[in-house]
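A closer look at the structure
Here is how the chains run, residue by residue.
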Number of protein chains: 2
Amino acid sequence: MEDRGGYGQFCPVSMAAEILCTRWTALVIRELLCGSTRFNQLRRGVPRMSPALLSKRLKELEKIGVIVTAPRESGAVEYHLSPAGEDLRSIILGMGFWGQRWVESQLSLKNLDPSLLMWDIRRNLNPEPLLPGRCTIQFQYPELPEPQRNWWMVIEKGKVDLCGFDPGYEINLLVRSSLRTMTAIWMGFAPIPHELAAGRLELQGERPIANAIQKWLTLSTFAPEPRRVS
Amino acid sequence: MEDRGGYGQFCPVSMAAEILCTRWTALVIRELLCGSTRFNQLRRGVPRMSPALLSKRLKELEKIGVIVTAPRESGAVEYHLSPAGEDLRSIILGMGFWGQRWVESQLSLKNLDPSLLMWDIRRNLNPEPLLPGRCTIQFQYPELPEPQRNWWMVIEKGKVDLCGFDPGYEINLLVRSSLRTMTAIWMGFAPIPHELAAGRLELQGERPIANAIQKWLTLSTFAPEPRRVS
DNA sequence: CAGTATCCCCACCGATACTG
DNA sequence: CAGTATCGGTGGGGATACTG
């Protein structure tokens with residue numbers, strides 16, 4: 001009879017926790033904060049969440065007023081954060097910075113996922129140092145089986161495209177490392193020059209593009225945060 | 001095979017959410033931030049959480065490094081936040097302020113609980129305007145059944161005691177209202193003068209103590225936050 | 001593409017009782 | 001006071017299929 005989901009407390013921390021601390025919800029909001037608006041965009045950001053559950057969460061968040069939906073001509077809808085949802089940004093960012101400060105890197109690096117990593121890199125890649133013209137950068141994780149081993153990033157006219165298949169263009173730079181190394185670099189755990197020197201990161205191709213890697217390969221938002229655990 | 005509880009993402013938001021967004025965890029941390037250190041103190045702050053689950057959560061949080069335990073001579077332990085746990089304060093507070101800004105008051109006021117309210121009032125009551133000597137204030141919620149109707153707050157030597165039974169002292173002030181009204185006042189939804197004028201809040205007893213109610217009855221930490229929903 | 005529907009299983013949670 | 005033990009229920013997640 002009692003509401004099974006809730007905490008039964010009037011305290012605003014409790015009310016917020018009922019919304020924010022439901023399974024997957026924080027990550028869905030993170031995706032929306034990063035700019036995803038379509039169902040399958042959101043799915044790419046939370047690949048291990050079932051579509052049924054994602055759909056349910058989106059409806060709940062809309063009902064609560066954290067999300068607003070805008071119908072599109074195709075019949076599908078776009079999901080956007082309401083002002084209340086946008087106001088969660090500092091909390092979600094706070095959680096990320098806390099995680100960066102206090103969660104052991106070994107623990108984070110147990111959750112390797114090339115498609116998530118590449119999706120994140122694409123989202124933050126800075127095309128400006130790679131202009132003008134088209135630039136194709138191939139990422140290779142030699143230890144992975146075929147469908148996950150190679151990724152191509154095509155930068156053209158300031159737009160970044162990510163492919164899981166060879167787009168057929170000339171490769172301007174090949175970036176080769178283990179998935180673990182690239183993830184550690186992305187998280188800010190390992191500096192690029194250090195990994196290059198140790199031979200764990202290899203760059204083959206045009207020197208100017210290789211030399212500019214620290215300019216175009218923007219690291220995670222949380223990478224600059226000083227760590228407080230080993 | 002896969003870890004059922006986690007999200008499988010290296011993102012620090014995800015790592016933090018795995019910790020913070022487990023059921024009840026945010027509220028347990030809130031209690032620790034408020035200064036509770038003993039098992040049964042914590043239970044009073046999360047009365048609808050089973051002791052088994054509280055015990056489990058405390059162990060998990062200790063293992064993660066958010067809590068440290070200190071044994072006491074009686075054999076039981078004291079729970080304290082580690083630096084990592086203390087560093088969660090801004091996030092928990094952020095959640096509370098967000099809730100205060102955006103959660104409809106009607107929704108919060110569906111979760112009335114006199115013992116939680118009185119426990120909160122006790123924790124924040126300012127004894128300074130009630131000095132010197134002993135002062136006994138009775139709170140009465142006439143609509144409630146007997147074991148929850150009357151509460152006594154005894155202020156003496158700067159210390160505040162809460163009783164669910166008549167301590168036998170002379171009552172210096174009787175505060176009478178519905179539980180809903182008192183909760184709304186505490187949350188900052190309804191100003192005390194307004195509720196007095198409307199007859200929903202009655203004060204009987206010594207005038208100076210009644211007149212000073214806005215000095216000793218500190219409202220919730222979140223009460224001053226401007227609301228952004230009706 | 002953008003979801004909805006269904007089935008099954010199981011880990012987590014709630015409730016209650018119990019113990020040193 | 002400070003927890004542990006036990007048991008039954010259920011919501012979440014995987015799998016799969018289906019619809020407009």
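This text follows the structure it describes.
We now turn to the structure provided with this report. (Residues numbered from 1 in each chain as written. Chains lettered and ligands numbered in written order. Predicted model: local features only at pLDDT ≥ 70, side-chain atom pairs only at ≥ 80, totals over all residues. Heavy atoms only, no water.)

Quick word on the sheet that holds strand 4 (residues 150–156) of chain B
Residues and elements named next belong to chain B. Spatial strand order, 5-4-3-6-7: five strands in an open sheet with mixed pairing. The open sheet has two free edges, formed respectively by strand 5 (159–163) and strand 7 (201–205), since each of these has just one partner strand. The sheet shows a mean angle of 20° between the axes of neighbouring strands, taken without regard to direction. Of the pairings in the sheet, the one linking strand 4 to strand 5 comprises five bridges and is antiparallel in character. Residue pairing in the sheet places Trp152 in a bridge with Cys163 of strand 5. The strands touched by helix 8 (residues 114–124) within the sheet are strand 3 (135–140), strand 4 and strand 5, with strand 4 carrying the most contacts at an inclination of about 10°. Helix 10 (residues 179–187) contacts strand 3, strand 6 (173–177) and strand 7 of the sheet and is inclined by roughly 105° relative to strand 6. (Pairing = 2+ DSSP bridges. Helix = DSSP H or I, 4+ residues; strand = E, 2+ residues; numbered from the N terminus. Axes fitted to C-alpha atoms, helices over the stretch in contact; angles between N-to-C directions. Contact = heavy atoms within 4.5 Å.)

Observations concerning the relation of the copies chain B and chain A
Both copies of the chain are related by a screw-like operation: a rotation about an axis and a shift along it. Taken as rigid bodies, chain B and chain A are interconverted by a rotation of 180° and an axial shift of 0.1 Å, the fit giving an RMSD of 0.1 Å. Taken together, these values place the two copies in the relation of a two-fold axis. Minimal C-alpha separation from the rotation axis in chain B is found for Cys21 of chain B, amounting to 2.1 Å. Of all interface residues in chain B, 100% are interface residues in chain A too; the two copies therefore contact each other through one and the same surface. (Least-squares fit on C-alpha atoms with pLDDT ≥ 70 in both.)

Concerning the protein's contact with DNA strand C
Arg38, Phe39, Ser55 and Lys59 of chain A together with Arg57 of chain B are the nearest of the 18 residues found near DNA strand C. Protein-adjacent atoms of DNA strand C, using a 4 Å cutoff, are sugar or phosphate at a proportion of 94%. Put simply, the parts of the chain that give the surface near DNA strand C at least two residues each are helix 3 (39–45), helix 4 (51–64) and strand 2 (77–81) of chain A together with helix 4 (51–64) of chain B. Split by residue class, the surface near DNA strand C holds seven nonpolar, three polar and eight charged. (Near = heavy atom within 4 Å. Nonpolar A, V, L, I, M, F, W, Y, C, P; charged D, E, K, R; others polar.)

With respect to unusual backbone geometry
Residue and element names in this part refer to chain A. Of note, the bond from Leu131 into Pro132 is cis; its omega dihedral lies within 30 degrees of zero at -10°. Relative to the helices and strands, Pro132 resides in the loop between helix 8 (114–124) and strand 3 (135–140). One non-glycine residue with positive phi stands out, namely Trp24, at about 80°. Position of Trp24 among the secondary structure elements: in the loop between helix 1 (12–20) and helix 2 (25–33).

A look at the sheet that holds strand 7 (residues 201–205) of chain A
Residue and element names in this part refer to chain A. Judged by pairing direction, the sheet is mixed, and its five strands sit side by side in the order 5-4-3-6-7 without closing on themselves. Because the sheet does not close on itself, it has two edges, and the strands there are strand 5 (159–163) and strand 7. Pairwise comparison of adjacent strand axes, ignoring direction, gives a mean angle of 20° for this sheet. The pairing of strand 3 with strand 6 (residues 173–177) spans four bridges and is classified as parallel. Bridge pairing in strand 6 places Phe139 opposite Val175. Most of the contacts of helix 8 go to strand 4 (residues 150–156), to which it runs at about 10°, and overall it touches strand 3, strand 4 and strand 5.

What about the pattern of salt bridges?
Throughout the structure, instances matching the rule amount to 22 salt bridges over all chains. The shortest N-O distance in the salt bridge between Asp87 of chain B and Arg101 of chain A comes to 2.7 Å. Taken together, the residues Asp87 of chain B in the loop between helix 5 (83–86) and helix 6 (89–102) and Arg101 of chain A in helix 6 (residues 89–102) connect one chain to another. Judged by relative accessible area, which is 14%, Arg101 of chain A ranks as buried. Notably, a salt bridge pairs Glu31 of chain B with Arg123 of chain B, separated by 3.0 Å at the nearest N-O pair. (Salt bridge = Lys/Arg side-chain N within 4 Å of Asp/Glu carboxyl O. Buried < 20%, exposed > 50% of the residue type's maximum accessible area, 1.4 Å probe, protein only.)

Brief notes about the environment of Phe139 of chain A
Residue and element names in this part refer to chain A. Relative to the elements of secondary structure, Phe139 occurs in strand 3. Under the relative-accessibility criterion, Phe139 is labelled buried at 1%. Separated by 10 residues in sequence, Phe139 and Arg149 place their C-alpha atoms 8.1 Å apart.

Section: the protein's contact with DNA strand D
Surrounding DNA strand D, one finds 17 residues, the nearest of these being Arg23, Leu53 and Lys56 of chain A together with Arg38 and Ser55 of chain B. A share of 88% of the atoms of DNA strand D within 4 Å of the protein falls on sugar and phosphate groups. With respect to DNA strand D, the side chain of Ser55 of chain B contributes an N or O atom lying 2.4 Å from a phosphate oxygen. Between Tyr79 of chain B and DNA strand D, the recorded distance is 3.2 Å, taken from a side-chain N or O atom to a phosphate oxygen. Elements supplying a minimum of two residues to the surface near DNA strand D: helix 4 of chain A together with helix 3 (39–45), helix 4 and strand 2 (77–81) of chain B. (Polar contact = N/O pair within 3.5 Å; in protein donor to acceptor, adjacent residues only side chain to side chain.)

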